[in-house]
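# Structural overview for review
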Amino acid sequence: MKSKTVLFFWGVIIIASGCVDKFKPKKEIRTECPEGVEAQKKLLFIGWDGVRSDALIAANTPNLDSLFGQAIYSFNVDRGPYTVSTPGWSSILHGVWPSKHGLTENSFRKNKYDKYPDIFTLMRRTKSNLGLATLSNWDSFLQITEEETYAQRFETDPEMVQEALNLLTNCAPDVMLMHFDYPDASGHEFNFSPNSLEYRYSIEISDYYLGLIMSKIKQREQDFNEQWMVVLTTDHGGDGTGHGGQDDLLQTRFVWQVVRAPLFSSSNQTHGKVVDLLPTMMKWMGCEIGGLDLDGTSLY
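This write-up is about the structure you can find in this document. (Residues numbered from 1 in each chain as written. Predicted model: local features only at pLDDT ≥ 70, side-chain atom pairs only at ≥ 80, totals over all residues. Heavy atoms only, no water.)

## What about the overall build of the protein?
Within the protein, the regular secondary structure consists of 12 helices and 10 strands. On C-alpha atoms alone, the protein measures out to a radius of gyration of 19 Å, which is about the 19 Å that the 2.2 N^0.38 rule sets for 300 residues. For the protein, the spread of C-alpha atoms along the principal axes amounts to about 75 × 45 × 40 Å. For the protein, restricting intrachain contacts to residue pairs at least 6 apart in sequence, the fraction spanning at least 24 positions comes to 71%. Accessible area for the protein stands at about 13,100 Å²; split by element, carbon and sulfur atoms hold 52% of it. If you average the places of the 28 positive and of the 38 negative side-chain charges in the protein, the two averages end up 6 Å apart. (Helix = DSSP H or I, 4+ residues; strand = E, 2+ residues; numbered from the N terminus. Rg over C-alpha atoms; globule rule 2.2 N^0.38 Å. Contact = heavy atoms within 4.5 Å. Areas by Shrake-Rupley, 256 points an atom, 1.4 Å probe, with all protein chains shown as cover. Lys, Arg positive; Asp, Glu negative; His and termini not counted. Charge placed at Lys NZ, Arg CZ, Asp CG, Glu CD.)

## Structural notes on the pairing of strand S6 (residues 175-180)
With 6 of its 6 residues buried, S6 lies for the most part within the structure. Burial along S6 is two-sided: the residues Val175, Leu177 and His179 and Met176, Met178 and Phe180 are all buried. Where strand S2 (residues 41-48) meets S6, 6 bridges bridge the pair, whose relative direction is parallel. The residue of S6 that forms the bridge with tryptophan 48 is phenylalanine 180. Taken together, the 5 bridges between strand S4 (residues 132-136) and S6 define a ladder with parallel strand orientation. In the sheet register, threonine 134 faces S6, and the bridge partner there is leucine 177. (Buried < 20%, exposed > 50% of the residue type's maximum accessible area, 1.4 Å probe, protein only. Pairing = 2+ DSSP bridges.)

## Some details on the state of the cysteines
By definition, a disulfide links the sulfur atoms of two cysteine residues through a covalent bond. Counted under the stated rule, the structure contains 1 disulfide. Across a sulfur-sulfur distance of 1.4 Å, cysteine 33 and cysteine 171 are joined as a disulfide pair. With a gap of 138 residues between them, cysteine 33 in the loop between strand S1 (30-31) and S2 and cysteine 171 in the loop between helix H8 (157-170) and S6 connect regions that are remote in the sequence. You can call cysteine 33 partly exposed: its relative accessible area is 35%. The closest cysteine sulfur to the non-disulfide-bonded cysteine 287 is located on cysteine 171, 19 Å from its own sulfur. (Disulfide = S-S within 2.5 Å.)

## Quick look at helix H10 (residues 197-224)
Between its first and last C-alpha atoms H10 spans 40 Å; for 28 residues at 1.5 Å apiece the expected length is 40 Å, and the two agree. Count one or two residues on from H10 and you reach asparagine 225, which has phi positive near 60°. (Expected span 1.5 Å × (residues − 1).)

## Some words on the pattern of salt bridges
Taken as a whole, this structure holds 14 salt bridges when the rule is applied. With a shortest N-O distance of 2.9 Å, aspartate 293 and lysine 100 are connected by a salt bridge. Placement of the pair is aspartate 293 in the segment after helix H12 (277-284) and lysine 100 in helix H6 (residues 98-101), with a sequence separation of 193 residues. Ionic pairing is found between arginine 220 and glutamate 226, a salt bridge with its closest N-O pair at 2.8 Å. Side by side, arginine 220 and glutamate 226 carry an identical accessibility label, which is buried. One network of salt bridges, in which partners are shared, links Lys100, Asp293 and Asp295. (Salt bridge = Lys/Arg side-chain N within 4 Å of Asp/Glu carboxyl O.)

## A word on the packing of H8 against H10
Where H8 meets H10, the axes come as close as 10 Å, and the angle between the chain directions of the two elements is 0°. Classified by the interaxial angle, the pair formed by H8 and H10 is roughly parallel. Side by side, H8 and H10 meet where Asp157, Pro158, Val161, Leu165, Leu168 and Thr169 of the first sit next to Tyr209, Leu212, Ile213, Lys216, Ile217 and Arg220 of the second. The residue inventory of the contact of H8 with H10, partitioned by class, reads 8 nonpolar, 1 polar and 3 charged. (Axes fitted to C-alpha atoms, helices over the stretch in contact; angles between N-to-C directions. Parallel < 35°, antiparallel > 145°, perpendicular 65-115°, else oblique. Nonpolar A, V, L, I, M, F, W, Y, C, P; charged D, E, K, R; others polar.)

## Section: helix H9 (residues 182-190)
Buried within H9 we find Pro183, Asp184, Ser186 and Gly187. Looking down the long axis of H9, one finds its buried residues gathered within 160° of arc, a one-sided arrangement. In this fold, the buried residues of H9 make contact with S6 and H10. Just beyond H9, the residue with positive phi is asparagine 191, at close to 115°. (Arc of directions from axis to C-beta.)

These results come straight from atomic positions and should not be treated as a statement about function.
See below:
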């Protein structure tokens, strides 16, 4: 009897440990249409997971390239230490390095999000009624932010893109985050290298989806006099079929970012930091950042 009790106890511990970072649909899935309230300024953030800078340059990306004429961009951006996704996206969407947000691996157990909130939580402090949306095909991306009106996980990129187009047509959210996981999955299977045809193809497919979304954005800008900031970046590069523990590798740690806005002129920067994106996006949306203990500064 005692041995059965011990086995049951350890079974509970194992199950509980395995559920620490599991997806919580009731908490993280929201389907309310994120009705926008801002008449002019809007923001779209698109993350392409695991895209190396040199592979991006080697790939055929006409839709991304078309943004450069109205963009601040760089292919030499420090994404910070701990080269896996959860610390990377947390640095970007919380505006601080891992030394502050607390995450050094693909786990949320040591997060300090309460002290260093995400972009949506910060935006609501200034504009409480913003229409906020997150779409992703990676469960954990939805755990990095809170306060969304709409949050949904998708099985495939085409489903996600179609829903993004629906939201832009029917709700016009003020801020929309999107996360594409296909490049990272391709890199893990075929190699994070500009010489990998499959990896480059995954980037080119993501660029095709960008084109569909940008067509809708430009239509809205023309028809409704809106101004959309469109931000694209990645969380890490890679070497071989991995990227963890590669803080000292240029091809993994130093990535790229593009910040497009209608009134911008082309600005190709020689360096950058991913933590600069949050204050840049906050400024665009007219949200206060004074007094925040951020690690970056606005790019404009």
